Amino acid sequence: MSRRSGVLEFAVLGLLRESPMHGYELRKRLNTSLGVFRAFSYGTLYPCLKTLVAQGWLTEETAPDDPLAAPLAGRRAKIVYRLTSAGKEHFEDLLAQSGPDAWEDEQFGVRFAFFGHTERDVRMRVLEGRRSRLEERLERMRASLARTRERLDDYTLELQRHGMESVEREVRWLNELIETERAGRGRAKGRPADQGRDDTDPTDTTT
């Protein structure tokens, strides 16, 4: 399994933990709630759903017809996806993981979106790991800039500085989150993934 497909499976399980959804609704939630998935297609989502069904983590159910909708010949019935007990248990196991993969750009934003379902000690390990990873990146960027500064034109230099400033902003943001967690002011477990969040991807270091 690729790292990106693993992130997608985690996100799908997390959203379906909140409520059953059909594919279109699920795709819309992935796009609006989880910025890392803004550019993925049905061709990516449906194989993922089929895999999760085959694993026994989801079930497929036919949605009842809308009595107010006009009947259309050949219209396919909507399939609703529902998390099984085994799927919920698997998602809880994934939530408990806090190793290096959870600190990376591809995974951190999605993991953060489900912090409302994550235990405090796991949240702390992920936040501190992410901060450590970014501090290492920042050190490399500064060293690279110091070596190449004299050879860069003004525009390339500004681009390098912009990248560093973006990483520095995320480190400051992480520091604030970590202090909040240490003070016991983290949000309650069970908060929906997109409640109280804007559409800014916290892993996006280009803005």
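Here, the structure is the one placed above.
Residues numbered from 1 in each chain as written. Predicted model: local features only at pLDDT ≥ 70, side-chain atom pairs only at ≥ 80, totals over all residues. Heavy atoms only, no water.

(A) Here's a closer look at the pattern of salt bridges. What the rule picks out here adds up to 15 salt bridges. The shortest N-O distance in the salt bridge between R125 and D121 comes to 3.5 Å. Of this pair, R125 and D121 both sit in helix 6 (residues 120-148), separated by four residues, roughly a single helical turn. Classification of R125 by relative accessible area gives partly exposed; the value is 37%. Across the pair E158 and R161 runs a salt bridge whose closest N-O atoms are separated by 2.9 Å. A residue pair is termed a helical-turn pair when its members lie 3 or 4 positions apart in one helix, as E158 and R161 do in helix 7 (residues 154-182) at three residues. Judged by its relative accessible area of 32%, R161 falls in the partly exposed class. (Salt bridge = Lys/Arg side-chain N within 4 Å of Asp/Glu carboxyl O. Helix = DSSP H or I, 4+ residues; strand = E, 2+ residues; numbered from the N terminus. Buried < 20%, exposed > 50% of the residue type's maximum accessible area, 1.4 Å probe, protein only.)

(B) Seen up close, the side chain of R131. Looking at where R131 falls in the secondary structure, it is placed in helix 6. There is no salt bridge for the buried R131, and the closest opposite charge comes from E135, which lies 4.3 Å off by N-O distance. Each residue touching R131, except ones within four places of it in the same chain, is listed here: V171, L174, N175, I178 and R182. (Lys, Arg positive; Asp, Glu negative; His and termini not counted. Contact = heavy atoms within 4.5 Å.)

Keep in mind that these numbers describe shape and distance, not what the molecule does.
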